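As a plain string of letters, each chain reads:
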Amino acid sequence: MIPVSRGGRRPVARPSAAAARGRRIATPYLLLLPAGAMYAVFTVYPLFRQFDISFYNWHIFPGASNPFTGLSNYSQVLHDPVVRTAALNTLLYTVITVPAQMLLGLVAAAMLTDRLPGRALWRALIFIPVVTSWVIVSYIFAYLFNAQDGLANSVASLLAGHAMHIDWLAQTWTGNAVIWLVGIWKGVGWSFVIFLAALDGMPRDLVEAGRIDGASEPVLWRKVIIPSIRPAIVFVLVLLVIGASQVFTQVYLMTQGGPYDSTQVLYTWAYQQAFTNFEFSYAAALASLIAVVVLALSVAEVQVLRRNPGG
Amino acid sequence: MARRPRPAATPGLFGIKRRRPLRLTIALAFAAVSVFPLLFMVLQSFEPPSDILSGPSLTVSHPTLSNYPAAWTANSFGQYFVNSIYVSVATVAITVAFASLAAFAFARFRFRFREVIFYIFLGSLAVPSVELIMPQYLLMSRLHLIDSLQGLVLIYVSANLPFSIFLLRGFFEAIPRELEEAFRLDGAGTLRVLSRLIMPLSAPALATVAVFTFNAAWDEFVIALTLINTPSHRTLPIGLALFIGAHDTAWGALFAGSVIATVPSILVYLLAQRWFQAGLSLGGLR
């Protein structure tokens with residue numbers, strides 16, 4: 001314990017000016033140290049380690065020889081037909097679920113930004129899918145779309161007029177569609193809260209002025225409202241594209257990438273290669289490649305969206 | 001609620017009271033679609049095991065509570081629940097503490113490579129859990145942290161730091177500097193300013209970070225699946241996946257277990273909800 005002066009009047013020993021300056025310079029780095037150390041050890045280092053492994057024919061057993069193979073893992077990845085399917089499925093997932101989530105999120109936010117009876121309740125309910133577990137949601141939808149008497153088949157039977165037993169998750173297109181549906185259903189609430197925050201915070205006088213000038217509702221949205229929540233739109237778009245490129249859990253739990261790898265996405269295939277087929281170097285090359293592409297895309301996206309305020 | 005007061009004279013986006021029935025209908029439709037699968041889950045959790053695959057069922061003919069004790073006692077589900085609480089609470093506590101320190105550095109200090117370091121953190125927003133799982137597995141086995149809940153916490157904290165730092169930095173920057181200067185004149189040091197001034201004023205942002213982090217840890221599946229071998233160290237998502245059998249699935253128990261597993265995440269969200277919206281709107285998104 002440091003002795004504390006009683007009266008508070010005794011002059012406290014002051015460190016020299018140089019020491020104080022040194023401390024001021026060191027302070028931000030000290031503040032960053034805990035987070036930075038965790039992040040360096042458990043995120044940055046593994047990223048480089050994986051990149052390193054991707055150049056070897058690498059075995060997990062200690063003592064096994066791991067010959068350097070240069071780019072051969074990458075060439076194997078690029079010539080793998082499953083990678084092509086998985087890349088296409090990931091792209092489709094992105095192109096379909098991202099606009100759907102944004103559009104639905106924006107519509108829901110627009111409905112709730114003004115006073116409405118029960119507003120807080122609707123807002124909480126619409127956000128609930130976001131805070132439920134991917135694992136649970138995947139199983140609920142697997143059950144709704146099960147081949148025997150799932151709710152989806154009941155609805156299909158009702159529409160068709162006779163009993164239908166579609167095995168939704170065992171066919172390529174219906175399987176993919178259910179994967180998309182889960183992604184959209186679980187994601188809308190997230191873009192909804194961010195759009196709602198943006199709409200709530202935007203100044204209303206411009207909209208009012210436009211309305212007095214006789215602008216129609218669509219014109220107001222295109223010319224006034226959308227431009228003024230542009231930062232939120234850019235933020236949601238960038239993070240949703242990143243999120244879509246990371247699609248994994250519902251595919252892994254609902255279709256396991258089947259039938260015959262036709263619903264594989266990039267990360268389910270990488271995970272299967274590493275932990276089912278024990279092709280560690282292949283998985284490392286694939287994962288490194290995905291990371292580089294997604295990072296580059298995100299940076300490009302941010303640049304383009306920042307530079308082009310009209311788009 | 002965190003509804004921001006708006007001057008009474010300012011009309012809403014659609015003008016006062018315009019199209020209220022239409023807006024209410026659409027809002028209701030969104031809310032209904034959002035909760036329907038979860039209501040369905042709750043409903044099915046009361047269905048007796050024999051009835052569960054006997055036709056389309058939006059109604060439960062012979063409701064029973066028996067799935068709940070069955071789920072709780074299956075494969076030491078109670079233990080998994082406790083494990084998940086431990087992992088999630090520890091992850092939230094450490095993430096909030098470390099992210100606040102780092103965000104304070106980014107928000108209030110000028111130092112060399114500040115933006116570079118910030119973007120190195122942000123870059124990993126593009127990196128999901130699955131991306132690093134293999135090298136993390138190797139790292140953890142070298143650190144003898146395979147199969148341990150502490151090992152999971154370390155990885156979860158690291159994964160949740162970037163978004164948390166990003167959100168908190170934006171919020172901290174919006175707090176007027178004059179307040180801080182007044183505090184410092186009273187002799188408060190950096191940590192005191194952070195813990196007694198900045199953090200209390202940032203309750204909305206901290207609550208938002210806590211909700212996101214809690215759910216990320218509570219829900220995390222693939223890392224726990226890969227790193228945990230010992231049954232008694234499993235977390236809830238792994239426990240739920242165990243109900244799915246190759247040939248027969250205990251749907252009733254699965255849904256009862258899912259209801260139990262959903263309660264804490266919804267509870268955390270509802271507790272934090274009053275700050276949540278403000279946390280998002282005043283954070284980095286302005």
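A.B. asks: I tried to follow the overall build of chain B on my own but got confused; where do I start?
C.D. replies: When helices and strands are counted, chain B shows twelve helices and zero strands. Reading the helices (α) and strands (β) of chain B from amino to carboxyl end gives α-α-α-α-α-α-α-α-α-α-α-α. For chain B, with 286 residues in total, the buried portion stands at 45%. Looking at chain B alone, contacts between residues at least 24 apart form 80% of all its contacts between residues at least 6 apart.

A.B. asks: Would you take a moment to explain the overall build of chain A for this structure?
C.D. replies: Scanning chain A for helices and strands turns up 13 helices and zero strands. Radius of gyration (C-alpha) of chain A: 27 Å, far over the 19 Å computed for a compact globule of 311 residues. The proportion of buried residues among the 311 residues of chain A is 42%. Counted over contacts in chain A with a minimum sequence separation of 6, partners at least 24 positions apart contribute 69%.

A.B. asks: What's the story with the nonpolar core in this structure? I'm lost.
C.D. replies: One broad rule of soluble globular proteins: the nonpolar side chains tend to lie buried together. Within the largest apolar cluster, 165 residues are counted, with the highest numbers of intra-cluster contacts made by A:Ala35, A:Phe192, A:Phe195, A:Ala270, B:Ala99, B:Ala102 and B:Ile165. When residues no more than four places from it in sequence are discounted, the contact partners of A:Phe195 are A:Gly105, A:Leu106, A:Ala109, A:Ile229 and A:Ala232.

A.B. asks: Could you clarify how one ought to interpret the environment of B:Leu227 in this entry?
C.D. replies: Residues and elements named next belong to chain B. Mapped onto the fold, Leu 227 is located in helix H10 (residues 222-227). Along the primary structure Leu 227 and Leu 138 are separated by 89 residues, whereas in three dimensions their C-alpha atoms are 9.9 Å apart. Not counting the four nearest positions on each side in its chain, Leu 227 is found in contact with Tyr 137, Met 140, Ile 146, Asp 147, Gly 151 and Leu 152.

A.B. asks: How should the interface of chain A and chain B be read in this particular structure?
C.D. replies: Interfaces are frequently sized by the accessible area removed from exposure as the parts join. On the chain B side, the residues contacting the 79 residues of chain A number 77 residues. Per-element tally for the side of chain A that touches chain B: the top contributor is helix H1 (residues 17-53) of chain A, with 16 residues. Across the side of chain A that touches chain B, the residue classes tally to 58 nonpolar, 13 polar and eight charged.

A.B. asks: Quick question: what am I supposed to make of the environment of A:Asn176 here?
C.D. replies: Along the chain, A:Asn176 falls in helix H7 (residues 172-201). For A:Asn176 and A:Ser262, which are 86 residues apart along the polypeptide, the C-alpha to C-alpha distance reads 8.8 Å.

A.B. asks: Looking at this model, I keep getting lost on unusual backbone geometry. Mind explaining?
C.D. replies: Keep in mind that most residues, glycine aside, have a negative phi and that most peptide bonds are trans. Residue and element names in this part refer to chain A. The phi angle at Tyr 260 is positive, at roughly 50°, despite the residue not being glycine. Tracing the sequence through the fold places Tyr 260 in the loop between helix H11 (249-254) and helix H12 (266-275). At Asp 261, a position not held by glycine, the phi torsion is positive, near 65°. Among the secondary structure elements, Asp 261 is positioned in the loop between H11 and H12.

A.B. asks: Mind showing me how you'd approach H1(A) here?
C.D. replies: Since there are 3.6 residues in each turn of an α-helix, residues three or four apart along the chain are aligned in direction. Along H1(A), the largest kink reaches about 50° and is centred on A:Leu33; proline A:Pro34 follows within four residues of it. All of the buried residues along H1(A) are A:Pro28, A:Leu31, A:Leu32, A:Ala35, A:Gly36, A:Met38, A:Tyr39, A:Phe42, A:Thr43, A:Pro46, A:Gln50 and A:Ile53.

A.B. asks: Looking at this model, I keep getting lost on the confidence of the model for chain A. Mind explaining?
C.D. replies: Caution applies to low-pLDDT parts of the model: their predicted coordinates are not meant to be read in detail. Residues and elements named next belong to chain A. Overall, the predicted model of chain A reaches an average pLDDT of 87, with 94% of residues at or above 70. For chain A, the element scoring lowest by mean pLDDT is helix H8 (residues 205-212), at 85; helix H3 (residues 81-112) scores highest, at 96. Low pLDDT (under 50) marks residues 1-11, which in the prediction has one contact with non-local residues, meaning those over four places away or in another chain.

A.B. asks: What is the right way to look at the packing of H1(A) against helix H6 (residues 149-173) of chain B in this model?
C.D. replies: The geometry of H1(A) relative to H6(B) is characterised by a closest axis approach of 9 Å and an angle of 120° between their N-to-C directions. Comparing their axes, H6(B) and H1(A) come out oblique. The two elements H1(A) and H6(B) cross, and the hand of that crossing is left-handed. Here A:Ala35, A:Met38, A:Tyr39, A:Phe42 and A:Thr43 of H1(A) come into contact with H6(B), specifically with B:Leu154, B:Ile155, B:Val157, B:Ser158, B:Leu161 and B:Ile165.

A.B. asks: It is not clear to me how the confidence of the model for chain B should be interpreted in this structure. Could you clarify?
C.D. replies: Residues and elements named next belong to chain B. Across chain B, pLDDT averages 86, with 86% of residues at or above 70. The weakest mean pLDDT in chain B belongs to helix H12 (residues 251-282) at 83; the strongest belongs to helix H3 (residues 77-108) at 96. Ignoring residues within four places in sequence, the model shows residues 5-10, a span with pLDDT below 50, making one contact including any to other chains. Here the complex is predicted with pTM 0.87, and the ipTM for its interfaces comes to 0.86.

A.B. asks: Can you walk me through H12(A) in this structure?
C.D. replies: Counting buried residues along H12(A), eight of its ten residues qualify, which places the element largely inside the surrounding structure. Of the positions making up H12(A), those classed as buried are A:Leu266, A:Tyr267, A:Thr268, A:Trp269, A:Ala270, A:Tyr271, A:Gln273 and A:Ala274.

A.B. asks: Teacher, can you tell me more about the environment of B:Leu125 here?
C.D. replies: Take B:Leu125: it is sitting in the loop between helix H4 (114-123) and helix H5 (133-142). A sequence separation of 27 residues divides B:Leu125 from B:Phe98, and the C-alpha atoms of the two residues are 17 Å apart. Apart from the residues within four sequence positions on either side, B:Leu125 is in contact with A:Ile242, B:Pro162 and B:Phe163.

Rules used throughout
Residues numbered from 1 in each chain as written. Chains lettered and ligands numbered in written order. Predicted model: local features only at pLDDT ≥ 70, side-chain atom pairs only at ≥ 80, totals over all residues. Helix = DSSP H or I, 4+ residues; strand = E, 2+ residues; numbered from the N terminus. Buried ≥ 20, exposed ≤ 12 C-beta atoms within 10 Å, placed from the backbone. Contact = placed C-beta atoms within 7 Å. Rg over C-alpha atoms; globule rule 2.2 N^0.38 Å. Core = buried A, V, L, I, M, F, W, Y, C linked by C-beta atoms within 7 Å. Nonpolar A, V, L, I, M, F, W, Y, C, P; charged D, E, K, R; others polar. Bend = angle between axes of the 7 residues up to and from the residue. pLDDT = per-residue confidence, 0-100. Axes fitted to C-alpha atoms, helices over the stretch in contact; angles between N-to-C directions. Parallel < 35°, antiparallel > 145°, perpendicular 65-115°, else oblique. Left-handed = near helix turned anticlockwise from the far one by under 90°.

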